[in-house]
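Spelled out from the first residue to the last, the chains are:
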Amino acid sequence: MKRKNLYRLGGLIAAVAALLFGLIQPAQSYASAFFPTQSAGDRGTDVLAIQYLLQAKGKTVPTDGVFGSSTTTAVKEVQQAAGIGVDGIVGPNTWGKLTPQIKEGATGAAVKAVQAELNAKRNAGLTVDGTFNAATTAAVKSFQSHAGIGADGVVGPTTWKNLLWHYEKADFSGSLCDVDPDGNTSASWGTSAAIAELEEAAKRFGATGKGEIPVGDISFEHGGDIGGHASHEVGLDIDLWPVRTDSQQCTGSRITWQSSAYDRAATRELVKALRAAAPGHIRYVWFNDPTLINEGLTSSYAGHDNHLHIRYCEKVHPNSLYTC
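Residues numbered from 1 in each chain as written. Predicted model: local features only at pLDDT ≥ 70, side-chain atom pairs only at ≥ 80, totals over all residues. Heavy atoms only, no water.

An unreviewed UniProt entry lists the protein under the name Peptidoglycan-binding protein, from Streptomyces coryli.

If you want it as structure tokens, here you go:
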């Protein structure tokens, strides 16, 4: 009897441990991880990683995180040499040609790509110096544990895929402010490109002197269902509040386009900034101001009187609702 009780107790402990491990190690969150397609007009950490990886291939490209003409040209050169489709778009096949397996002791621009990714997506605090040292190994292992994959400190195909796919958190220390109407306090994560393009738009809009941009829900850190939304699950949907005439859209009451406090001219500039910061990578801006709709800046969608819904897109995406 005592032995049976011990077995039962052991089983209970194992079950509790498994539950806790499941909560701490969100491996399920990465079940749909994929290499994120990036192309001309994109910006952000994943583009910066591409530029470092191109440098590792001997290409001369800037490391500015903006997918411009020189990056497109270099990508085509790599594709041509590899004998794969030459389109200048970095999809799974091109990522496979760009991402080497690296580990402690390695040096060079490919290591910088890993360090930059870890800093942006896991706040690793690494020096981006191209030296795969002990600190970089520790950060890689920490990420691998976070992702629920083998924590060996080696950056191979699985680690590259999960690291590149992982979302980034919006930076609210600059021209963005965080508002939370639905109680989703941790829904401030998006794809590398979407976050970078939003932050660039906020920077451009900030120059108008019309205040900060209030950000509602984006996505959770690893995507998935989010309360109060039918979308916002893949890091490419972002809700923003319209601009007020007193520029207090971050602290004042939330308004609609019909409100006397609504600043149409400033909201127009906001939409223009959003589109300019992500050329070719915005599928929709849903907002029901009929004037902006007639100008071709926004589109009508039920329930979007009091916020702008930005849907970013990529040239290739597993969900056709997010293809450009």
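**Q** What is the right way to look at the pattern of salt bridges in this model?
**A** Oppositely charged side chains may form a pair once their charged atoms are brought near each other. Counted according to the given criterion, the structure contains 12 salt bridges. The salt bridge partner of Arg 122 is Glu 221, with a shortest N-O separation of 3.6 Å. A residue pair is termed long-range when its members are at least 10 positions apart, and Arg 122 in helix 5 (residues 109–122) and Glu 221 in the loop between strand 4 (213–215) and strand 5 (237–240) qualify at 99 residues. Bridged by salt links that share partners, the residues Arg 43, Glu 200 and Arg 204 form one connected network. (Salt bridge = Lys/Arg side-chain N within 4 Å of Asp/Glu carboxyl O. Helix = DSSP H or I, 4+ residues; strand = E, 2+ residues; numbered from the N terminus.)

**Q** Teacher, can you tell me more about the nonpolar core here?
**A** In globular proteins that are soluble, nonpolar side chains generally tend to be buried together. One finds Ile 50, Leu 54, Val 114, Leu 118 and Trp 160 to be the most contacted residues of the largest nonpolar core, which totals 35 residues. Excluding anything up to four places from it in sequence, Ile 50 contacts Gln 38, Phe 67, Thr 71, Val 75, Val 90, Trp 95 and Leu 98. Judged by nonpolar contacts, the second largest core, of 34 residues, contains Ala 201, Ile 238, Ala 277 and Ile 282. (Core = buried A, V, L, I, M, F, W, Y, C linked by side-chain atoms within 4.5 Å. Buried < 20%, exposed > 50% of the residue type's maximum accessible area, 1.4 Å probe, protein only. Contact = heavy atoms within 4.5 Å.)

**Q** I'm lost on the pairing of strand 7 (residues 308–312) in this one. Help?
**A** Remember that side chains alternate between the two faces of the sheet whenever the strand is regular. Strand 7 sits mainly inside the fold: 5 of its 5 residues count as buried. Two elements, strand 5 and strand 7, share 4 bridges in a ladder whose sense is antiparallel. Along strand 7, the bridge assignment pairs Asp 237 with Arg 311. Judged from the 4 bridges that link them, strand 6 (residues 282–286) and strand 7 form a sheet pairing that is antiparallel. Of the residues in strand 7, the one forming a bridge with Ile 282 is Tyr 312. (Pairing = 2+ DSSP bridges.)

**Q** What exactly am I supposed to notice about the side chain of Arg 244 here?
**A** With respect to the secondary-structure elements, Arg 244 resides in the loop between strand 5 and helix 9 (264–277). For Arg 244, the side chain forms a polar contact with the side chain of Asp 246, separated by 2.9 Å. Among the polar contacts listed, one links the side chain of Arg 244 to the backbone oxygen of Ser 253, at a separation of 3.0 Å. Setting aside anything within four residues of it in sequence, one finds Arg 244 in contact with Gln 249, Gly 252, Ser 253, Ile 255, Ala 261 and Asp 263. (Polar contact = N/O pair within 3.5 Å; in protein donor to acceptor, adjacent residues only side chain to side chain.)

**Q** Any chance you could explain the state of the cysteines here in plain terms?
**A** When the sulfur atoms of two cysteines share a covalent bond, that bond is a disulfide. Within the structure shown, the criterion is met by 2 disulfides. The side chain of Cys 177 participates in a disulfide bridge whose partner is Cys 250; the two sulfur atoms lie 1.9 Å from each other. Looking down the S-S bond of the Cys 177 and Cys 250 bridge, the torsion is -85°, so its handedness is left-handed. Of the two residues, Cys 177 is situated in strand 2 (residues 176–178) and Cys 250 in the loop between strand 5 and helix 9; the sequence distance between them amounts to 73 residues. On the accessibility criterion, Cys 177 (10% relative accessible area) is buried. A residue is classified by how much of its surface remains accessible, and Cys 250, at 23% relative accessible area, is partly exposed. Between the sulfur atoms of Cys 313 and its disulfide mate Cys 324 the distance is 2.2 Å. Between Cys 313 and Cys 324 the disulfide shows an S-S torsion of about 110°. By sign, it is right-handed. Here Cys 313 is found in the segment after strand 7, whereas its partner Cys 324 is found in the segment after strand 7, with 11 residues between them in sequence. (Disulfide = S-S within 2.5 Å.)

**Q** What is the right way to look at helix 3 (residues 69–82) in this model?
**A** Its 14 residues give helix 3 an end-to-end C-alpha distance of 20 Å, which sits within 8% of 20 Å, the value for a rise of 1.5 Å per residue. On the buried face of helix 3, the contacting elements are helix 2 (45–56) and helix 4 (92–98). Positive backbone phi, at 75°, marks Gly 83, one or two positions downstream of helix 3. (Expected span 1.5 Å × (residues − 1).)

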